[in-house]
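One-letter residues, chain by chain:
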Amino acid sequence: MQTISRVTCQFCSAFGLLVVMLQLSQPARAEMSAWADNEGGRMRLIALPPDATGSIRAGLQIEPKPGWITYWREPGNSGIPPQVGFSSEGVSLDKMSFPTPKHIVDDKVDEVAYDASVTFPLQLTAKDPALHELKATAFIGICKEICIPFQAELSLTFEPSARSRPEEEKILRAAEATLPEAASSEFKVSDHRLSPDMKELSLTVTLPESGETAPEVIVAGPSGHVFTKQTATHRDGQSFTTTLSVGKLPKAYDIHGKTWSALVIDGSRAIETPLAFE
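Note that this is a predicted model, so its numbers are computed, not measured.

**Q** Mind showing me how you'd approach the sheet that holds strand β2 (residues 36–38) here?
**A** By way of backbone hydrogen bonds, the strands of a sheet pair with one another, either parallel or antiparallel. What the five strands build is an open sheet, ordered β2-β3-β4-β10-β7; its pairing is antiparallel. Of all strands in the sheet, those with a lone pairing partner are β2 and β7 (91–96), marking the two edges. Neighbouring strand axes in the sheet, compared pairwise and without regard to direction, differ in orientation by 25° on average. One ladder, built from eight bridges, connects strand β4 (residues 55–64) with strand β10 (residues 118–126); its direction is antiparallel. The residue bridging S55 from the neighbouring strand is T125, located in β10.

Listed below in structure tokens is the structure:
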């Protein structure tokens with residue numbers, strides 16, 4: 001089996017589609033695909049039938065084996081962001097959402113990832129609300145000492161008769177509960193400033209509770225860039241300020257008119273909020 005080191009796995013995205021480690025297309029019971037298995041874990045597709053407008057609630061469920069991880073939408077210095085495409089006629093992916101990840105750091109890697117079962121909520125639209133079969137191609141990275149590109153063909157069928165679907169609904173509801181909150185008056189980034197040389201990003205954050213520990217801050221910049229290194233922090237109760245080191249940006253990058261996003265994790269709560277630059 002071909003494998004790739006975690007340190008050099010940033011090259012996986014460019015070559016991953018050429019390396020199909022596992023492709024499965026198996027019959028599935030209604031509303032859940034069969035599991036696709038890999039050395040480091042498994043994944044499957046879950047969906048509820050289209051409603052009268054063609055809207056579909058779905059999810060990509062990934063279960064890494066103990067000691068393995070899979071990645072957030074911006075993985076960090078290494079890793080492969082999850083990708084999902086749908087081949088069913090008339091089906092479009094409107095949105096893929098990402099539960100709050102972990103920032104995993106050791107001597108060799110600096111990653112934004114998941115080390116336990118995770119389900120990415122998917123919002124789909126079908127032109128025909130009577131859609132019978134849903135087909136998807138999922139491509140993820142799953143890593144331990146090595147990083148393995150994991151691609152699978154997933155399919156499920158919808159039962160034509162109306163019935164309750166408690167297991168599918170429970171999984172999707174639990175996945176939605178793991179998403180970061182929207183910013184609010186009690187938990188928000190109240191100010192953000194990028195230094196003139198674009199080497200440092202300063203944030204002022206209002207936190208939901210008083211405390212002494214600095215929250216985790218993960219900033220997703222241009223596609224493929226994520227910033228996590230805090231060089232200066234100060235917390236005074238519910239007020240928090242931090243400066244993040246901005247890594248190498250694309251050549252001749254113009255920040256004006258761009259929008260990044262900040263994920264702030266404080267204990268059991270998290271928000272993800274846009275950072276707009278004039």
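**Q** Is there a simple way to explain the state of the cysteines in this structure?
**A** In a disulfide, the sulfur atoms of two cysteines are held together by a covalent bond. A full pass over the atoms with the stated rule returns one disulfide. Put simply, C143 and C147 are joined by a disulfide, and their sulfur atoms are 2.1 Å apart. Taking the relative accessible area as the measure of exposure, C143 reaches 0% and is therefore buried.

**Q** Looking at this structure, I do not really get the nonpolar core. What am I missing?
**A** L60, W72, F86, L122 and L134 are the most contacted members of the largest nonpolar core, which totals 40 residues. Apart from the residues lying within four places of it in its own chain, the contact partners of L60 are M43, R44, V84, V118, T119, F120, L122, A138, I140 and L154.

**Q** What is the right way to look at the packing of aromatic side chains in this model?
**A** Per the stated rule, a full pass over the model turns up five aromatic pairs. Ring centres of F227 and W260 lie 5.4 Å apart, and the angle between their planes is 50°; on these two criteria the pair is classed as tilted. Taken together, the positions of F227 in strand β16 (residues 226–227) and W260 in strand β19 (residues 259–266) put the pair 33 residues apart, joining distant regions of the chain. Accessibility expressed as a relative area gives 4% for F227, which makes it buried. Measuring from ring centre to ring centre gives 5.2 Å for W260 and F277, while their planes differ by 65°; the resulting arrangement is edge-to-face. Of this pair, W260 sits in strand β19 while F277 sits in the segment after β20 (269–276), and the two are 17 residues apart along the sequence. Each of the two residues, W260 as well as F277, counts as buried. Each member of the aromatic cluster is reached from another via a ring pair, and the members are F227, Y253, W260 and F277. When the ring centre of W35 is taken as reference, the NZ or CZ atom of R42 above it lies at 3.8 Å. If you follow K258 out to its NZ or CZ, it ends over the ring of Y253, 5.3 Å from the centre.

**Q** Looking at this structure, I do not really get the pairing of strand β12 (residues 146–157). What am I missing?
**A** Remark: a regular strand shows side chains that alternate across the two faces of the sheet. Within β12, nine of the 12 residues are buried, which leaves it mostly tucked inside the rest of the structure. In terms of strand pairing, strand β11 (residues 133–143) meets β12 through 11 bridges, oriented antiparallel. When the sheet's bridge partners are listed, I142 is paired in β12 with I148.

**Q** How do you make sense of the pairing of strand β18 (residues 239–245) when you look at a structure like this?
**A** Here seven bridges tie strand β14 (residues 200–206) to β18, and the two strands are oriented antiparallel to one another. Among the inter-strand pairings, T204 is bridged to a residue of β18, identified as T241. Direction of pairing for strand β17 (residues 230–236) relative to β18: antiparallel, over a ladder of six bridges. Across the sheet, residue D236 finds its bridge partner in β18, namely S239. The loop that links β17 with its antiparallel partner β18 comprises two residues; one of these, G237, has a positive phi angle of about 65°.

**Q** Which parts of the structure should I look at to understand the sheet that holds β16?
**A** The sheet built from four strands is open, its strands ordered β16-β15-β19-β20 with antiparallel pairing. If you trace the sheet from one side to the other, it starts and ends with β16 and β20, each paired once. Sheet topology note: the β19/β20 ladder contains eight bridges and is antiparallel. Bridge pairing in β20 links T259 to A276.

What counts and what doesn't
Residues numbered from 1 in each chain as written. Predicted model: local features only at pLDDT ≥ 70, side-chain atom pairs only at ≥ 80, totals over all residues. Heavy atoms only, no water. Pairing = 2+ DSSP bridges. Helix = DSSP H or I, 4+ residues; strand = E, 2+ residues; numbered from the N terminus. Axes fitted to C-alpha atoms, helices over the stretch in contact; angles between N-to-C directions. Disulfide = S-S within 2.5 Å. Buried < 20%, exposed > 50% of the residue type's maximum accessible area, 1.4 Å probe, protein only. Core = buried A, V, L, I, M, F, W, Y, C linked by side-chain atoms within 4.5 Å. Contact = heavy atoms within 4.5 Å. Phe/Tyr/Trp six-rings, centres within 6.5 Å; stacked < 30°, edge-to-face > 60°. Lys NZ or Arg CZ within 6 Å of the ring centre and 35° of its normal.

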